[in-house]
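# Fold and contact review
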Amino acid sequence: MSAATATISEDKMDARTKSVAPDEGTRLGFRLTLPAQILVLFISAFPLLMQLYISVTDWSPLSGVGWWNAWEMWNSFANYTDLAADTRFWSALQRTAIVMLVCVPAEFLLGLALATLFADDFPGKRIFYSILLMPMMVVPAVAGYMFFMLFQSGGPVNDILSRIVGAPVTVAWLSDPNLALIAVMIADIWQWTPLMFLILLAGLVGVPEDQMKAATLLGANAWQRFVTIVLPKMKTIIIIALAIRVIENFKIFDTLYIMTGGGPGVATETISVYIYKVTTQDLIWGYVAAIALAILIVLSIVAVYAMKRMAKAREVQA
Amino acid sequence: MKRSISFELFRYAAILAAMGVTLVPILWMVSMAFKPIGEWSATGADLTWWPKQPTLANFQFVFGHSTNDLIVALDHTAVKPILSSLLSAVFGTVIAMSAGTAAGYGLSRFGSGQNLPLALIQLRLFPPMAVMIPVMIMWAFLNLNDTWWGLALIYGIVTLPFAFWLMKTFFDDMPREIEEAALVEGCSRLRVFTRITLPMMRAPLASAALFVFILNWSDYLIALLLTTREWVTIPVYMASLSSSMTGQLYGAKAALGLIAAVPPVIMGIAIQRHLVRGLTFGALKQ
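Residues numbered from 1 in each chain as written. Chains lettered and ligands numbered in written order. Predicted model: local features only at pLDDT ≥ 70, side-chain atom pairs only at ≥ 80, totals over all residues. Heavy atoms only, no water.

## Let's talk about the overall build of chain A
Formally: Only runs of H or I of at least four residues qualify as helices and only runs of E of at least two qualify as strands under DSSP, and these elements are numbered from the N terminus. We compute the radius of gyration from the C-alpha atoms alone; for a globule the expected value is 2.2 Å times N to the 0.38, where N is the number of residues. Contacts: residue pairs with any heavy atoms within 4.5 Å of one another. This count recognises Lys and Arg as positive and Asp and Glu as negative, with His and chain-terminal groups excluded. A single reference atom marks each charge: NZ on Lys, CZ on Arg, CG on Asp, CD on Glu.
Across its full length, chain A carries 14 helices and zero strands. A globule of 318 residues ought to have a C-alpha radius of gyration of about 20 Å, yet chain A, at 26 Å, is considerably larger. Put simply, 64% of the contacts in chain A that link residues at least 6 apart link residues at least 24 apart. Taking the average location of the 21 positive side-chain charges in chain A and that of its 22 negative ones, the two points are 9 Å from each other.

Here it is, written out as structure tokens:
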């Protein structure tokens, strides 16, 4: 879309300015995009080939041969067959899915609720807005540390619970397998609900006021207005917001790793934590490369599909 | 639209509840940063939400001035990690913004690099953990491991998608009349870009740069994998800070956390207007 408008205005400019060579823009455009192209190539093509190569070997940084000689340790795709049978990998994947299925909808609903409260003006709106956005700006590792302190058995969360219950509560949040996962999800929801709030509010403000007024005059109540006017108008924005959180939530590492280190045992081990542990503790990099490649391939397929859907949605809207 | 009193009451009650949940974790860390060692892990009736005897000892400790309360000595102080975080985030931002601004302009005006939008979104899609093996090998080969410039390079690439998309949409939105007029006057296109467009875009450039800086400054995983001792960043240093004698150094870590958390929060509030655009790759504007 933007490319089309760019070429149109360029034609106009060239027609008006005879002194400019017709291909000056193309050459400059090429030179301007070159650094970005080099960086993208540097981080995609070569690493991908390297990953592919290592993934069919038993190579490890401790194996005593350089990675380019990894073919000496060729293991005829054993990494991939191992992966299919690796229960720790599959349960990490399952855990990542559970975290995503709890956190993203919770963040979405809380963010949407907050956004509807902020849709019109009221005294103190700006200051409340700024404060509510703060969690998403806190460095994730620091947020992880905050929640690590909060969930200590003698910590503030139990203190608040004790006051509510009226008896001392000493739940060991981070050393109980189920509670640890809940604690980790609470931290993620705390940090990323503001992002949903921010994006959904931007969409909510774009809903035309006169349509809402007309609907009110026709006797629609708040819920009916919300379902028939607001939600359809916000469809694209909701999809974008959900897509962003799904992508980012899948990578979940920083907060979680600081809080629990993936533990107790493997109770909070998500896919990123699992790969991190195999990389730094077990040091079987050939296997890590295989896991990573499998994930990259699946994600690429999902991405291409999602991009096509989004492009279609945008066309329909425009 | 006129709202009823009961709605207003409900709204303030709900917002105050949300504010409470938002602020408790932050306030607890701030309070912890000023607590003396005796209050760090006080529990039950002794647990205090605000330090009884506020102290700066935690900050003095992480900067190497060991105080009587804290009998442990540090391997090295927080000075170098802070320097490492700053240098890597600043130069990472420089790399991402230079390449991203140039490419954004190239695509917006001349339609060059049509592959970049999708390629860069894909770059953002992948978990960093899934591409770190080759990066670690390459960085070791290039002698970039455990250096701030090695971090700056990978940060520059990781945040390039944001820099590119933000600047591209800013250029798309910019009226072209002035550029066209300058072309008519006989300016070369490069001159138009460097002498007219860029100075006009100073404010959006600054916002995009702050946005990218926050992302770089917030990294933990990449620094955890690529730095080991000399140039660890603040989060890595913070996480490693505990000793067998005292266990978790709660107050000292909270002090470090506070140091790490303050810059992005201030910057984030400063660029609030552009956050939506940045986070959605320019798909949405506020």
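That covers the picture; the talk isn't over yet.
## Topic: the overall build of chain B
Note the cut-off: Relative accessibility thresholds used throughout: buried, under 20% of the residue-type maximum; exposed, over 50%; partly exposed, between the two (1.4 Å probe, protein chains only). To measure how exposed things are, a 1.4 Å probe is used in the Shrake-Rupley method; for residues, cover is taken only from the protein chains shown.
For chain B, the helix and strand inventory stands at 14 helices and two strands. Overall, the C-alpha framework of chain B stretches about 75 × 65 × 35 Å when taken along its three principal axes. The buried share among the 286 residues of chain B stands at 57%. For chain B, contacts bridging at least 24 residues in sequence account for 72% of all contacts bridging at least 6. Only carbon and sulfur atoms are counted for the fraction: they give 66% of the accessible area of chain B, which is about 11,600 Å². Here chain B contributes 19 positively and 14 negatively charged side chains, and the mean placements of these two sets differ by 6 Å.

## Structural notes on the packing of aromatic side chains
Defined as follows: Two rings from Phe, Tyr or Trp (for Trp, the six-membered ring) form a pair when their centres are within 6.5 Å of each other. A pair whose planes differ by under 30 degrees is stacked, one over 60 is edge-to-face, and the rest are tilted. Only when the NZ atom of a Lys or the CZ atom of an Arg is both within 6 Å of the ring centre and within 35 degrees of the ring normal do we say a charge sits over the ring.
Overall, the coordinates contain 36 aromatic pairs over all chains when judged by the stated rule. Aromatic side chains Phe118 of chain A and Tyr129 of chain A sit 6.5 Å apart centroid to centroid with 50 degrees between the ring planes, which places their arrangement in the tilted category. Linking Phe118 of chain A in the loop between helix 4 (87-117) and helix 5 (125-133) with Tyr129 of chain A in helix 5, this pair joins segments that are 11 residues apart in sequence. According to the relative accessible area criterion, Phe118 of chain A is buried, its value standing at 0%. Geometry around Trp28 of chain B places Lys35 of chain B over its ring, the cationic atom sitting 4.1 Å from the centre. Directly above the ring of Trp231 of chain B sits Lys80 of chain B, whose terminal nitrogen or CZ lies 4.5 Å from the centroid.

## A look at the pattern of salt bridges
All names here are of chain A. Spelled out, the test is: Salt bridges are defined by distance alone: a side-chain nitrogen of Lys or Arg within 4 Å of a carboxyl oxygen of Asp or Glu.
Per the counting criterion, the structure on display carries 14 salt bridges over all chains. Salt-bridge contacts for Asp121 lead to Lys125; the nearest nitrogen and oxygen are separated by 3.6 Å. Between Glu248 and Lys251 there is a salt bridge whose closest N-O contact spans 3.4 Å. Assessed through its relative accessible area of 11%, Lys251 is described here as buried.

## Notes on helix 5 (residues 132-141) of chain B
Residue and element names in this part refer to chain B. In terms of residue burial, helix 5 counts as a mostly covered element, since eight of its 10 residues are buried. Turning to helix 5, its buried residues are Met132, Ile133, Pro134, Val135, Met136, Ile137, Met138 and Trp139. One or two positions beyond helix 5, positive phi appears at Asn143, with a value near 60 degrees.

## Structural notes on the confidence of the model for chain B
Detailed reading of the predicted model is not advised wherever pLDDT is low. As a reminder of what qualifies: Per-residue confidence from the predictor is reported as pLDDT, which spans 0 to 100.
Here chain B averages 88 in pLDDT, and 93% of its residues register 70 or above. Confidence metrics for the complex model read pTM 0.89 and ipTM 0.91.

## Quick notes on the side chain of Glu179 of chain B
As for its placement among the helices and strands, Glu179 of chain B is situated in helix 8 (residues 177-184). Ignoring anything within four residues of it in the chain, the contact list for Glu179 of chain B reads Tyr105, Arg109, Met174, Val192 and Thr197 of chain B.

## Focus on unusual backbone geometry
Most peptide bonds adopt trans geometry, and most residues besides glycine take a negative phi value. Cis geometry marks the peptide bond from Gly263 of chain A to Pro264 of chain A, where omega comes out at 0 degrees. Along the chain, Pro264 of chain A turns up in the loop between helix 12 (254-260) and helix 13 (271-282). Positive phi is not limited to glycine here, since Ser76 of chain A has a value of about 40 degrees. Structurally, Ser76 of chain A is set in the loop between helix 2 (24-54) and helix 3 (78-85). Here the phi dihedral of Asn143 of chain B falls at roughly 60 degrees; this positive angle occurs in a residue that is not glycine. For Asn143 of chain B, the location among the structural elements is in the loop between helix 5 and helix 6 (148-158). Look at Asn143 of chain B and you get exposed, because its relative accessible area is 64%.

## Digging into the environment of Ile131 of chain A
Topologically, Ile131 of chain A is positioned in helix 5. Residue classification places Ile131 of chain A among the buried residues on the basis of a relative accessible area of 19%. Ile131 of chain A sits 77 residues away from Pro208 of chain A along the chain, and the two C-alpha atoms are 27 Å apart. With near-sequence residues (within four places) excluded, Ile131 of chain A lies in contact with Met19, Thr22 and Leu23 of chain B.

## Regarding helix 7 (residues 156-165) of chain A
All buried positions along helix 7 of chain A are accounted for by Pro156, Val157, Asn158, Asp159 and Ser162 of chain A. In this fold, the buried residues of helix 7 of chain A make contact with helix 6 (140-150) of chain A together with helix 1 (5-33) of chain B.

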